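Take a look at the letters that make up each chain.
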Amino acid sequence: MRYRGEVTVFLTMILISIMSFLLVTVESVRDTGARLYLRMAVDSSMDSVMAQYHRELWERYRLLGLETGEDGKLEEEFKAFFEPYRRAKNWYPMKLTSVSRRDAVTLTEGDGAYFEQEILDYMKYGLIGMIWDGMEEGGALETLEQMKDAEGVNALSGLYDGHTREAVRVEEALEKINAQLIRQKEGWNRGMEYLNGLDGDGFIRQAKDMIKALKQLPSLVNGYEKKADHLNEKLKESRQEFENQEDLSSASRKALEEELDQYEAYTRSDGERRMEIAALEEKSRENIIFLEQLIGEAEDIIDYIDNWEPEDEEDELDENELWDPVRRRFSRYPMLSLGMEFGIRDKEKEGWLERIGDLAAGGILELVLPPETVVSGKKLDQRELPSEEAKSEKAGAGTTVLERGRSGGVRGHSPIGVQNLLDRLLVSEYAIRYFSAFETKLPEHSFYQLEYILYGKKRDRDNLEASLLRLTALRQGLNLAHILGDPVKRQEARTLGMAIAGGTGMAPLAAVVSFFIMTIWALGEALLDVRCLLEGGRVPLVKSRSQWRLDLEGLLRIGAQGRLPELPAKEEGTGLDHKGYLRLMLFAGYCTEYVYRMMDVMQMEICRNQTGFRMSQCVCKVDMEAAVCGKPVFFSGGPWTEAGELRMEVSGSYLEDNRQ
């Protein structure tokens, strides 16, 4: 029997075709699954790499940073986390051929913008339970304007405070002139006594002493004119600065205008006195000639008396008659005097006021620190700190964050970091939460962290001093704005100014002294405010009349004793504490330097437990590329070839996706 295989062959070919189709379909599905599996594998490996964030950085500061270490470390870690996926027994066999890091963004890059963004991302959740009225854009802007107004008021008051001292020096120059005129008058009185007593030698001595006094007048007049000219020039410069000051509120500008006009009124009144004083120079020369002639006549009379010999025993010399012409002429001596009021009547009180200003300028720490304070003498090692590295790279030195934000994104990303006032507030709030500040007794190994962030000096003491000087200046400006807006306090200052200057005839000078009193009063109150803050108390940003501590009597007592009075026992008050004012100073002067100094503090603190830790080695965003070669399962005879290589890009970031 003859067998025919057509059906078998046909069925075999059909089956092969069907099997091939099925295997190709399954392999295609498997390949698609492999791609998804590979994507999951590289994403999970990257997540595992990013999960190795620095634990202490997170636990202490709530920031995420992946410490990279030496070159190739991230790639090796990625391979290690990828290995379990490669070794898994499944339908997706694969081989990781290469891993390369395409980019890694450190926390110190972008002028600190990435560092700021991590803070802002955290603070969205860190604000829970936070009570602060200023935490909204309108309140932030109002607070900033108040601080700018206070700084503007304080800057101008500092200028005119110096002008008051210059005005006092002008008055002192007049007093020196008057002292010589008094010496002249006293010499004339004694000279007349000698003439009446027929003592020619005594008269000549007094006349010569008068000439000495008169010869000093030209130099004293010249000194007075130089001081007056200097004051006039400085007042013009200060007036221009006042006109150019843009940060003053309308109320402060109006009040200052009224007070500053008094300085110009003083210089106008001084111009009237100046004509009289200038005439003294010529009159003194005329009087010197007058006295020299009288001395010559007196010497002739003395010679005549010494050489007189009587012609007979009954002749007598009438000396009174001989001296009578000299006496009559001397009585007509044109006495020089100042026909005006001048000088400071109560020099003691004026000196006490000046002393308060000198005390604040000479050593703020000794003046305001609580008695039990131990000032840190620590000196910081600033080598290899982020701020120093940024300076060497000229990265953001002195650039404000708002200017940086307006310039666009960072490294191709959309704008990140601080972009507005509310962002500045959030970062400032973060700083006072996670960094320490002044304490009467610092813990061992600690330092004034917030003060360092603000000023960046090597010595703890210098940072504390700079911080307290700025805090005092801020409070002085706010206090002076309060005084200028309080008619009662302004009148009290004018009354004391009139008493110090010396009567209604010295009204222009009294007005100048009154403004000086206001600035010193504001300073005295500011010193008490700072002491209160350092002792743990609170001080309102803008005070009411009932919250004012210091009266003028207490102010003069500070000047007399050279120290601040003891404050009453600490009470729970309203307003801001010390850290609250540091927050405001961070907010008002916010710049990239502050951001880098925050990194400095973090690095120094973590280095206590981990020597060699560097913020510049902590990344917040990593871009990598993994090359993976997969092997067919249903067509497994083929070798591992690069033709089947698949390159996958993968990124890991601690920044929120919508801000990347």
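Residues numbered from 1 in each chain as written. Predicted model: local features only at pLDDT ≥ 70, side-chain atom pairs only at ≥ 80, totals over all residues. Heavy atoms only, no water.

A. Just the overall build of the chain, in detail. In terms of regular secondary structure, the chain is built from 20 helices and four strands. Among the 660 residues that make up the chain, the fraction classed as buried is 48%. For the chain, the accessible surface area stands at approximately 32,500 Å², while carbon and sulfur atoms represent 50% of it. (Helix = DSSP H or I, 4+ residues; strand = E, 2+ residues; numbered from the N terminus. Buried < 20%, exposed > 50% of the residue type's maximum accessible area, 1.4 Å probe, protein only. Areas by Shrake-Rupley, 256 points an atom, 1.4 Å probe, with all protein chains shown as cover.)

B. How the structure looks around the packing of aromatic side chains. Scanning all chains against the criterion turns up 13 aromatic pairs. Measuring from centroid to centroid gives 5.7 Å for W188 and F330, while their planes differ by 25°, and the two rings are stacked. One end of the pair, W188, is in helix α5 (residues 137-196); the other, F330, is in helix α8 (residues 319-331), with 142 residues separating them in the sequence. In this pair, the class of W188 matches that of F330, namely buried. A network of ring pairs unites the aromatic residues Y61, Y122, Y430, Y434 and F435 as a single cluster. Sitting over the ring of Y53, R55 keeps its end group 4.0 Å from the ring centre. The residue whose ring lies beneath R205 is Y194, and the NZ or CZ to ring-centre distance is 5.9 Å. (Phe/Tyr/Trp six-rings, centres within 6.5 Å; stacked < 30°, edge-to-face > 60°. Lys NZ or Arg CZ within 6 Å of the ring centre and 35° of its normal.)

C. Seen up close, the environment of N463. Residue position: N463 is located in helix α15 (residues 460-484). Judged by relative accessible area, which is 0%, N463 ranks as buried. Taking C-alpha positions, N463 is 7.5 Å from Y448, a pair spaced 15 residues apart along the chain. The residues contacting N463, other than those within four sequence positions of it, are E451, Y452, Y455, G456 and K457. Reaching out from N463, the side chain makes a polar contact with the backbone nitrogen of K457 at a distance of 2.8 Å. (Contact = heavy atoms within 4.5 Å. Polar contact = N/O pair within 3.5 Å; in protein donor to acceptor, adjacent residues only side chain to side chain.)

D. Seen up close, the confidence of the model for the chain. In the predicted model, the chain carries a mean pLDDT of 82, and 86% of its residues have values of at least 70. Every residue in residues 395-410 scores below 50 in pLDDT, and together they form 36 contacts with partners more than four places removed in sequence or on other chains. Counted against residues more than four places away or in other chains, residues 639-643, with its pLDDT under 50, gives seven contacts. (pLDDT = per-residue confidence, 0-100.)

E. Examining the pairing of strand β4 (residues 645-653) more closely. Only one face of β4 is covered, namely the one carrying L646, M648, V650 and G652; the face carrying E645, R647, E649, S651 and S653 has none of its residues buried. With nine bridges connecting them, strand β3 (residues 618-630) and β4 associate as antiparallel partners. If you follow C629 over to β4, its bridge partner there is E645. (Pairing = 2+ DSSP bridges.)

F. Geometry of the pattern of salt bridges. Under the definition given, this model contains 40 salt bridges. The partner of E258 in a salt bridge is R490, and the shortest N-O contact between them spans 3.0 Å. Note that E258 is positioned in helix α7 (residues 250-307) and R490 in helix α16 (residues 487-501), a separation of 232 residues in sequence. The exposure class of E258 is partly exposed, given its relative accessible area of 37%. Residue R490 is classed as buried on the basis of its relative accessible area, which comes to 9%. E429 serves as the salt-bridge partner of R433, at 3.1 Å between the closest nitrogen and oxygen. Note that R433 and E429 are positioned in helix α13 (residues 421-434) at a spacing of four residues, about one turn of the helix. Under the relative-accessibility criterion, E429 is labelled buried at 5%. (Salt bridge = Lys/Arg side-chain N within 4 Å of Asp/Glu carboxyl O.)

G. Molecular detail of the side chain of T106. Note that T106 resides in strand β2 (residues 94-106). For T106, a relative accessible area of 11% gives the class buried. A polar contact is formed between the side chain of T106 and the side chain of T108, at a distance of 3.1 Å. Residues contacting T106, with those up to four places away along its chain left out, are Y114, S616, C618, V619 and C620.

H. Up close: unusual backbone geometry. Backbone geometry places R62, a non-glycine residue, at a positive phi of 55°. With respect to the secondary-structure elements, R62 resides in the loop between α2 (55-61) and β1 (66-67). For R62, a relative accessible area of 28% translates into the label partly exposed. Phi at H445 is positive, roughly 70°, even though this residue is not glycine. Secondary-structure assignment places H445 in the loop between α13 and α14 (449-455). Since its relative accessible area comes to 52%, H445 is described here as exposed.

I. The environment of M210, seen in detail. Counting through the fold element by element, M210 comes out in helix α6 (residues 200-244). A residue is classified by how much of its surface remains accessible, and M210, at 0% relative accessible area, is buried. In the structure, M210 is positioned 24 residues away from E186 in sequence and 8.7 Å away in space, judged by C-alpha atoms. Contacts of M210, omitting those with residues within four sequence positions, involve Q184, G187, W188, L291, F330 and Y333.

J. Molecular detail of α6. For α6, spanning 45 residues, the distance from its first C-alpha to its last is 66 Å, which sits close to the expected 66 Å at 1.5 Å a residue. The backbone nitrogen of D201 lies 3.4 Å from a side-chain oxygen of the residue at the head of α6, namely D199. (Expected span 1.5 Å × (residues − 1).)

K. Representation of the pairing of β3 within the structure. In terms of burial, β3 is largely enclosed, as twelve of its 13 residues are buried. When β1 meets β3, the two strands line up antiparallel, connected through two bridges. Counted as the bridge partner of L66 is V619 from β3. Relative to β3, β2 runs antiparallel, the two being bridged by eleven bridges. Across the sheet, the residue bridging to V105 is K621, located in β3.

L. Representation of the environment of G152. Tracing the backbone through its elements, the reader meets G152 in helix α5. Of the residues examined, G152 reaches a relative accessible area of 4% and is grouped as buried. When sequence neighbours within four positions are dropped, the list of residues in contact with G152 reads Q245 and L248.

M. Region of the structure containing the packing of α16 against helix α17 (residues 507-534). Packing of α16 against α17 leaves a shortest axis separation of 7 Å and a crossing angle of 125°. Taken as axis vectors, α16 and α17 run oblique relative to one another. α16 and α17 meet at a crossing whose hand is right-handed. Facing α16, whose interface residues are K489, R490, E492, A493, R494, L496, G497, M498, I500 and A501, α17 presents L509, A510, V513, S514, I517, M518 and W521. Residue composition of the contact of α16 with α17, by class: eleven nonpolar, two polar and four charged. (Axes fitted to C-alpha atoms, helices over the stretch in contact; angles between N-to-C directions. Parallel < 35°, antiparallel > 145°, perpendicular 65-115°, else oblique. Left-handed = near helix turned anticlockwise from the far one by under 90°. Nonpolar A, V, L, I, M, F, W, Y, C, P; charged D, E, K, R; others polar.)

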